[in-house]
Amino acid sequence: MSCTRRDFVSGAGAIAVVASTGLATGVSLATGKEEKKIRYAMVHDENACIGCTACMDACRTTNKVPEGVSRLEIIRSEPYGEFPNVKYEFFRQSCQHCSNAPCVSVCPTGASFVDPETGIVDVHSDLCVGCQYCIAVCPYRVRFIHPEKKSADKCNFCRDTNLAEGKQPACVEACPTKALTFGDMNDPNSAVVQKVRQNPVYRTKVNLGTEPNLYHIPFGKGEHR
């Protein structure tokens, strides 16, 4: 799948970029005086990603996602440069696990929720009535109706599968270039916090106040706006 740079990152004008010496706007870590709950987050390193889609395959297999829908997509940009020196940028599109999730706010049955123990945004499929309000309001366009369960579905960081078994999300484990880092943003010693601290990062559509927990290390080639 290809797209223009203008369409590549929806809402690019709302991207927040920080220098390698600090955290992205709005990022906060628990202090010794605060209750240290887990807040899971993920970093996608666009420089390390090669677009192999091993993460997509692992997600589909681990979470038994039917064909025709996907919890995770790797979008390829238009080419940079001229043959044979052509490069592509790869962008991860999946649930942002927003701390202020609009999909949760509009759900009439309480099916969409933020797990208070982990910060993961998830769906109680047995409570979902398929009204699609959450799909309509999600600014990241990452929700869908599961064709078999007939309920809303999306990435949940493998909460019911790998995480429940003490593993990393399937996409993280499958990535051959270690482009994905997962962990607790409330743990200052976690790998994900170190990634965010040590690299320039951005999150999309932060101006909407969703407080997304998916970070991107921007691609080193081409233009970033």
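Residues numbered from 1 in each chain as written. Predicted model: local features only at pLDDT ≥ 70, side-chain atom pairs only at ≥ 80, totals over all residues. Heavy atoms only, no water.

## Some remarks on the overall build of the protein chain
Alright, step 1. Broken down by element type, the protein chain carries six helices and twelve strands.
Alright, step 2. The buried share of the protein chain, reckoned over its 225 residues, is 48%.
Alright, step 3. In the protein chain, 63% of the contacts between residues at least 6 apart in sequence involve partners at least 24 apart.
Alright, step 4. With the model as given, the accessible surface of the protein chain reaches about 11,300 Å², and the carbon-plus-sulfur share is 49%. (Helix = DSSP H or I, 4+ residues; strand = E, 2+ residues; numbered from the N terminus. Buried < 20%, exposed > 50% of the residue type's maximum accessible area, 1.4 Å probe, protein only. Contact = heavy atoms within 4.5 Å. Areas by Shrake-Rupley, 256 points an atom, 1.4 Å probe, with all protein chains shown as cover.)

## Focus on the packing of aromatic side chains
Pairs of aromatic rings are described using the distance from one ring centre to the other and the angle between the two planes.
Alright, step 1. The tally for this structure, following the rule as stated, stands at three aromatic pairs.
Alright, step 2. Judged by centre distance (5.7 Å) and plane angle (25°), the ring pair of Y80 and F219 falls under stacked. You can see Y80 sitting in the loop between β4 (72-77) and β5 (90-94) and its partner F219 sitting in the segment after β12 (214-217), a full 139 residues away along the chain. Per residue, the accessibility class of Y80 equals that of F219, and both read buried.
Alright, step 3. Aromatic rings pair up to connect Y40, F157 and F182 into one cluster.
Alright, step 4. The ring of Y88 has R76 sitting right over it, with the charged end atom 4.4 Å from the ring centre.
Alright, step 5. The residue whose ring lies beneath K205 is Y140, and the NZ or CZ to ring-centre distance is 5.9 Å. (Phe/Tyr/Trp six-rings, centres within 6.5 Å; stacked < 30°, edge-to-face > 60°. Lys NZ or Arg CZ within 6 Å of the ring centre and 35° of its normal.)

## Comments concerning the pairing of strand β3 (residues 40-45)
Alright, step 1. Taken across its six residues, β3 has six buried, putting it largely inside the fold.
Alright, step 2. Side chains of β3 alternate between two faces, with Y40, M42 and H44 and A41, V43 and D45 buried alike.
Alright, step 3. Inspection of the sheet shows β3 paired to strand β10 (residues 180-184) by five bridges, in the antiparallel sense. In the sheet register, V43 faces β10, and the bridge partner there is T181.
Alright, step 4. Strand direction decides the pairing type here: β3 and β12, joined by four bridges, are parallel. By the bridge assignment for β12, V43 is matched with Y215. (Pairing = 2+ DSSP bridges.)

## Overview of helix α2 (residues 54-63)
Alright, step 1. Of all the positions in α2, only C55, A58, C59 and N63 are classed as buried. Along the axis of α2, the buried residues cluster in a sector spanning 100°; they form a single face.
Alright, step 2. Residues of α2 that are buried make contact with β4, α5 (170-174) and β10.
Alright, step 3. K64 occupies a position one or two residues after α2 and carries a positive phi of about 50°. (Arc of directions from axis to C-beta.)

## Some details on a nonpolar patch on the surface
Alright, step 1. A grouping of V106, Y133 and V137 is seen on the molecular surface, where their side chains present a nonpolar patch of about 230 Å² in accessible area.
Alright, step 2. Residue placement: V106 occurs in helix α3 (residues 102-106).
Alright, step 3. Taking relative accessible area as the criterion, V106 reaches 30% and is therefore assigned partly exposed. (Patch = residues over 30% accessible without salt bridge, like charges linked within 9 Å, V, L, I, M, F, W, Y side chains within 5 Å. Salt bridge = Lys/Arg side-chain N within 4 Å of Asp/Glu carboxyl O.)

## Points about helix α6 (residues 191-198)
Alright, step 1. All buried positions along α6 are accounted for by V192, V193 and V196. The arc enclosing the buried residues of α6, seen along the axis, measures out at 100°, which places them on a common side.
Alright, step 2. Summarising the contacts, the buried residues of α6 are in contact with β3, β10 and β12.

## Points about the confidence of the model for the protein chain
Note: predicted coordinates in regions of low pLDDT should not be interpreted at a detailed level.
Alright, step 1. With 82% of its residues at a pLDDT of 70 or more, the protein chain shows a mean pLDDT of 86.
Alright, step 2. Below pLDDT 50 for its whole length, residues 1-33 participates in 82 contacts with residues either more than four positions away or in separate chains. (pLDDT = per-residue confidence, 0-100.)

## Section: unusual backbone geometry
Alright, step 1. Residue P84 is bonded to the preceding F83 through a cis peptide linkage, with omega at 5°.
Alright, step 2. Position of P84 among the secondary structure elements: in the loop between β4 and β5.
Alright, step 3. Positive phi values are uncommon outside glycine, yet C158 reaches one of about 55°.
Alright, step 4. Relative to the helices and strands, C158 resides in the loop between β9 (152-153) and α5.
Alright, step 5. Given a relative accessible area of 6%, C158 falls into the buried group.

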